[in-house]
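Here is what each chain is made of, one letter per residue.
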Amino acid sequence: MTFLQWLFTAISAILLFLYGLQGFSRELRDIGGEWLKVWLGRVTASRWRGFLIGAFATAVVQSSSATTSLAVTLVDSAVISFRASLSVLLGAKVGTTSTAWLVSFKLTGIGPVFIVLGAVISALPVRWRIAGKATFYFGLVFFTLDLLASTMGPLKEEPLLLEWMARATAPWLGVLAGLVFTAIVQSSSVTTGLAIILVQQGVLPPQAAIPIVIGANVGSTSTSMIASLAMNHTARASALAGFLFNCAGVLMFFPFITPFADWIIAAFETPGRAVAGAHLIFNLAVGLFFLTALGWIEPRLAAWLKPYETEMTEQTK
């Protein structure tokens, strides 16, 4: 395979992965309908329930971008409050780690099974077709991850790439790379999944992959930030708050990334699981820290964002 063929294959696999994620999220929203919004408005009244709902929803739809965008939309439509949206956003940070674990345990081989199963269910009576489409897209997500794994295999024999990767262990460079790549592809699942695949293929050292998946958390907020631009000032403030949470978490962890990575790599039996473990521990620690302090943070955050809200409101008049 020539370099050009490899490049187009890799890009196609990433695009198919994004298409599968978007389709899966869309079908689940269609299944839920309006009752889902009403139910979310009730259960997110408690910050702990909101946190769990955010984590569970993100683990199901395999996309924190979808969950955070939905939370911002619900704030815009006054279904949930600004404070409730913050707990959902924090929970989404934990739920997004599910993809990394599935990849690290090499469970992405289940993709073809769900693709076939989804196609069969879609042939059943109308009321089953939506469930069949959701199942199909779920399988497509993991099928394309397997395709990425096979595509990235030859990279470990490229000397120029290996030389670049050896320099990529600088934490700031990894965080920046994860942030930018996630902002471009609009999905942290793509970044974390790809990072773990490269680690499993021996192309990327885990010391470099861990800063990348941590940086991906900041880049993942780009979707909700973009989606909130056409919404009211409270929804925009909610999206900005999610961005600030992720930035603050990265800044708190940054001085300890190297010893943290060394400890995680020694604690897990495989490099791929070490990256998934680092992703989980980081998101869980940051999420629980801010959730516990939410009663103190929320009013101050709202007051701090007030000038931003006023400015944005005037711009939309």
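Residues numbered from 1 in each chain as written. Predicted model: local features only at pLDDT ≥ 70, side-chain atom pairs only at ≥ 80, totals over all residues. Heavy atoms only, no water.

As for the overall build of the chain
Summing up its helical and strand segments, the chain has 16 helices and 0 strands in all. A burial count over the chain gives 50% of its 317 residues as buried. The contacts in the chain between residues at least 6 apart in sequence include a share of 81% that link residues at least 24 apart. A total of about 14700 Å² of accessible surface is found on the chain, and carbon and sulfur atoms cover 71% of it. (Helix = DSSP H or I, 4+ residues; strand = E, 2+ residues; numbered from the N terminus. Buried < 20%, exposed > 50% of the residue type's maximum accessible area, 1.4 Å probe, protein only. Contact = heavy atoms within 4.5 Å. Areas by Shrake-Rupley, 256 points an atom, 1.4 Å probe, with all protein chains shown as cover.)

Considering the pattern of salt bridges
With the rule as written, the count across this model stands at 1 salt bridge. For Glu269, the salt bridge goes to Arg273, with nearest N and O atoms at 2.4 Å. Accessibility expressed as a relative area gives 69% for Glu269, which makes it exposed. (Salt bridge = Lys/Arg side-chain N within 4 Å of Asp/Glu carboxyl O.)

Considering the confidence of the model for the chain
With 79% of its residues at a pLDDT of at least 70, the chain reaches an overall mean of 78. Low pLDDT (under 50) marks residues 308–317, which in the prediction has 10 contacts with non-local residues, meaning those over four places away or in another chain. (pLDDT = per-residue confidence, 0-100.)

Describing a nonpolar patch on the surface
Nonpolar side chains collect at one region of the surface, where Trp172, Leu176, Val180, Ile184 and Phe254 lie side by side and expose about 510 Å² of accessible area between them. Note that Val180 resides in helix α9 (residues 171–185). Since its relative accessible area comes to 39%, Val180 is described here as partly exposed. (Patch = residues over 30% accessible without salt bridge, like charges linked within 9 Å, V, L, I, M, F, W, Y side chains within 5 Å.)

Some words on helix α5 (residues 97–104)
Most of α5 sits out of view: 6 of its 8 residues are buried. Among all positions of α5, only Thr97, Ser98, Thr99, Ala100, Val103 and Ser104 are buried. The first or second residue beyond α5 is Lys106, which carries a positive phi of 55°.

Brief notes about the packing of helix α11 (residues 206–219) against helix α13 (residues 233–253)
Where α11 meets α13, the axes come as close as 8 Å, and the angle between the chain directions of the two elements is 155°. Relative to α13, the element α11 is oriented roughly antiparallel. The interaxial crossing formed by α11 with α13 has left-handed handedness. Contacts between α11 and α13 involve Ile214, Asn217 and Val218 on the former and, on the latter, Phe243, Asn246, Cys247 and Val250. When grouped by side-chain class, the residues that make up the contact of α11 with α13 number 5 nonpolar, 2 polar and no charged. (Axes fitted to C-alpha atoms, helices over the stretch in contact; angles between N-to-C directions. Parallel < 35°, antiparallel > 145°, perpendicular 65-115°, else oblique. Left-handed = near helix turned anticlockwise from the far one by under 90°. Nonpolar A, V, L, I, M, F, W, Y, C, P; charged D, E, K, R; others polar.)

As for empty space enclosed by the protein
Going through the model one piece at a time under the given rule, you end up with 1 cavity of 30 Å³ or more. Roughly 150 Å³ of internal volume is contained in the largest cavity. Lining the largest cavity are 18 residues; nearest its centre among them are Thr68, Leu89, Lys93, Ser220 and Asn246. Every element with two or more residues in the lining of the largest cavity is listed here: α3 (64–76), α4 (82–95), α13 and α15 (271–292). Take the lining of the largest cavity: its biggest share by element is 5 residues, from α13. Among the residues making up the lining of the largest cavity, the classes are represented as 4 nonpolar, 13 polar and 1 charged. (1 Å grid on protein atoms, 1.4 Å probe; cavity = no way out; pocket = protein on both sides within 12 Å on 5 of 7 lines; lining within 4 Å. Points joined across faces, edges and corners; volume = space filled by probe spheres on them.)

Let's talk about the nonpolar core
Ranked by size, the top nonpolar core spans 56 residues in total, and within it Leu86, Ile210 and Phe245 carry the most contacts. Looking at this core, the element that brings in the most residues is α15, giving 8 residues. Beyond its immediate chain neighbours, meaning those up to four positions away, Phe245 contacts Leu86, Leu90, Val286, Phe290, Leu294, Ile297 and Leu301. Counting 8 residues, the second-largest nonpolar core is a separate cluster that includes Val72, Val75, Ala235 and Ala239. (Core = buried A, V, L, I, M, F, W, Y, C linked by side-chain atoms within 4.5 Å.)

Digging into the environment of Val60
Take Val60: it is sitting in helix α2 (residues 47–61). Between the alpha carbons of Val60 and Ser98 there is a distance of 8.6 Å; along the sequence they are 38 residues apart.

Some thoughts on the side chain of Thr97
As for its placement among the helices and strands, Thr97 is situated in helix α5. Sequence-distant contacts of Thr97, that is, excluding residues within four places in its chain, are made with His279, Leu280 and Asn283.

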